[in-house]
Amino acid sequence: MDYQAFAQQTTQEILGYYQDTSGWKVIKTSITVSSKASKKFHGNLYRVEGIIPESTSRLSDFLYRPENRVTWDKSLKVYNMVQKIDSETFICHTITQSFAMGSISPRDFIDLVHLKCCKGNMDIISSASVDFPTYPPSSNYIRGYNHACGCVCSPLQENPAHSKLVMFVQTEMRGKLAPSIIEATMPSHLVSFILNAKDGIKTHKIPSRCGCHHNGHSSFLKK
């Protein structure tokens, strides 16, 4: 599989979702959560919007880095980089916690994660599930599937020292879950992610990067 080409394709899909303003139904307003029918599977594509009081470069670094992810993202029990593809792309193995009071059991995922720095100081972190023979599905967890997901980080127009975070999620949980359970629990689950990120970034030191194409960005995954 050409992982680099697939990563670029996924990034373009996330950018398309970001630019598409039609058809979204707001389903939660404390942190804005909207949804529409996914074109990828029989389920929903979710859009989550929040404000993070950190610079865009620091926020995207924080969200992209695999190390320490489980210390702040309370939805995960494992998040490991299993192969580096290039300086902005890696494959990770993720195991989730159970949620919705245990009604949704842990899943595991193999995702290709990619960081792209765009014009206007906007960063896109995209991810999508891939086949990776080194980590075949096991009997311990149901293997879920992430259709094109990602985060778009950009400076807040009225305060460029803060960032607007827009996240897109379309996760196929698989197993025998009723769609109604996922639809009832996913919005709160996504809000929790934004709140966890907002709290976590306060306590994690993010080394500055240099050399990407804007505002001091560069790759931290050493070759």
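Above this text you will find the structure in question.
Residues numbered from 1 in each chain as written. Predicted model: local features only at pLDDT ≥ 70, side-chain atom pairs only at ≥ 80, totals over all residues. Heavy atoms only, no water.

K.L.:
I'm lost on the overall build of the chain in this one. Help?
P.N.:
When its secondary structure is counted, the chain shows 4 helices and 12 strands. In terms of C-alpha radius of gyration, the chain reaches 17 Å, essentially the compact-globule figure of 17 Å for 223 residues. Along the first, second and third principal axes, the C-alpha set of the chain runs to 45 × 40 × 30 Å. Here the chain holds 223 residues, and the buried ones make up 52% of them. Across the chain, the fraction of contacts at a sequence separation of at least 24, relative to all contacts at a separation of at least 6, is 59%. Taken as a whole, the chain presents about 10,900 Å² of accessible surface, with 52% of it coming from carbon and sulfur. Side chains of the chain carry 25 positive and 18 negative charges; the gap between the two charge centres is 3 Å. (Helix = DSSP H or I, 4+ residues; strand = E, 2+ residues; numbered from the N terminus. Rg over C-alpha atoms; globule rule 2.2 N^0.38 Å. Buried < 20%, exposed > 50% of the residue type's maximum accessible area, 1.4 Å probe, protein only. Contact = heavy atoms within 4.5 Å. Areas by Shrake-Rupley, 256 points an atom, 1.4 Å probe, with all protein chains shown as cover. Lys, Arg positive; Asp, Glu negative; His and termini not counted. Charge placed at Lys NZ, Arg CZ, Asp CG, Glu CD.)

K.L.:
What exactly am I supposed to notice about the packing of helix α2 (residues 56-64) against helix α4 (residues 179-203) here?
P.N.:
Geometrically, a packed helix pair is captured by the angle between its two axes and the distance between the axes. Where α2 contacts α4, the axes come no closer than 11 Å and their chain directions differ by 110°. When the axis of α2 is compared with that of α4, the two are roughly perpendicular. α2 and α4 meet at a crossing whose hand is right-handed. Contact residues: R58, L59, F62 and L63 in α2; F193, A197, G200 and I201 in α4. (Axes fitted to C-alpha atoms, helices over the stretch in contact; angles between N-to-C directions. Parallel < 35°, antiparallel > 145°, perpendicular 65-115°, else oblique. Left-handed = near helix turned anticlockwise from the far one by under 90°.)

K.L.:
Is there a simple way to explain the pattern of salt bridges in this structure?
P.N.:
A pair can form between side chains of opposite charge whenever their charged atoms are brought close. Under the defined criterion, the tally for this structure stands at 10 salt bridges. Among the ionic pairs, E172 bridges to R174, the shortest N-O distance being 3.9 Å. The network of salt bridges with shared partners includes R47, E49 and K164. (Salt bridge = Lys/Arg side-chain N within 4 Å of Asp/Glu carboxyl O.)

K.L.:
Teacher, can you tell me more about the side chain of S163 here?
P.N.:
Inspection of the secondary structure assignment puts S163 in strand β11 (residues 159-169). A polar atom in the side chain of S163 sits 2.6 Å from the backbone oxygen of E54. From its side chain, S163 meets the backbone oxygen of S55 in a polar contact 3.4 Å long. If sequence neighbours within four positions are ignored, S163 has contacts with G50, I51, I52, E54, S55, T56, L59, S154, P155 and L156. (Polar contact = N/O pair within 3.5 Å; in protein donor to acceptor, adjacent residues only side chain to side chain.)

K.L.:
Mind showing me how you'd approach the pairing of strand β5 (residues 89-96) here?
P.N.:
The element β5 is largely enclosed, with a buried count of 8 among its 8 residues. The alternating pattern of β5 places T89, I91, H93 and I95 and F90, C92, T94 and T96 on opposite faces, both of which are buried. With 8 bridges connecting them, strand β4 (residues 76-86) and β5 associate as antiparallel partners. The residue bridging Y79 from the neighbouring strand is T94, located in β5. Hairpin connection from β4 to β5: 2 residues lie between these consecutive antiparallel strands. Relative to strand β6 (residues 107-118), β5 runs antiparallel, the two being bridged by 7 bridges. If you follow F90 over to β6, its bridge partner there is V113. (Pairing = 2+ DSSP bridges.)

K.L.:
Would you mind showing me how to read the layout of surface pockets here?
P.N.:
To find leftover empty space, a probe the size of one water molecule is rolled over the atoms. Estimates place the volume of the largest pocket at around 700 Å³. Lining the largest pocket are 35 residues; nearest its centre among them are R69, D73, L76, N146 and F193. Those elements that provide at least two residues to the lining of the largest pocket are α2, β4, β5, β6, β7 (122-129), β10 (149-156), β11 and α4. Examining the composition of the lining of the largest pocket, we find that 6 residues originate from one element, α4, more than from any other. Each residue belonging to the lining of the largest pocket can be placed in one class, and the counts come to 18 nonpolar, 13 polar and 4 charged. In this model, the second largest pocket occupies a volume close to 290 Å³. Broken down by secondary-structure element, the contributors of at least two residues to the lining of the second largest pocket are β3 (44-52), β12 (171-172) and α4. Considering every element that reaches the lining of the second largest pocket, the biggest residue donor is α4, with 4 residues. (1 Å grid on protein atoms, 1.4 Å probe; cavity = no way out; pocket = protein on both sides within 12 Å on 5 of 7 lines; lining within 4 Å. Points joined across faces, edges and corners; volume = space filled by probe spheres on them. Nonpolar A, V, L, I, M, F, W, Y, C, P; charged D, E, K, R; others polar.)

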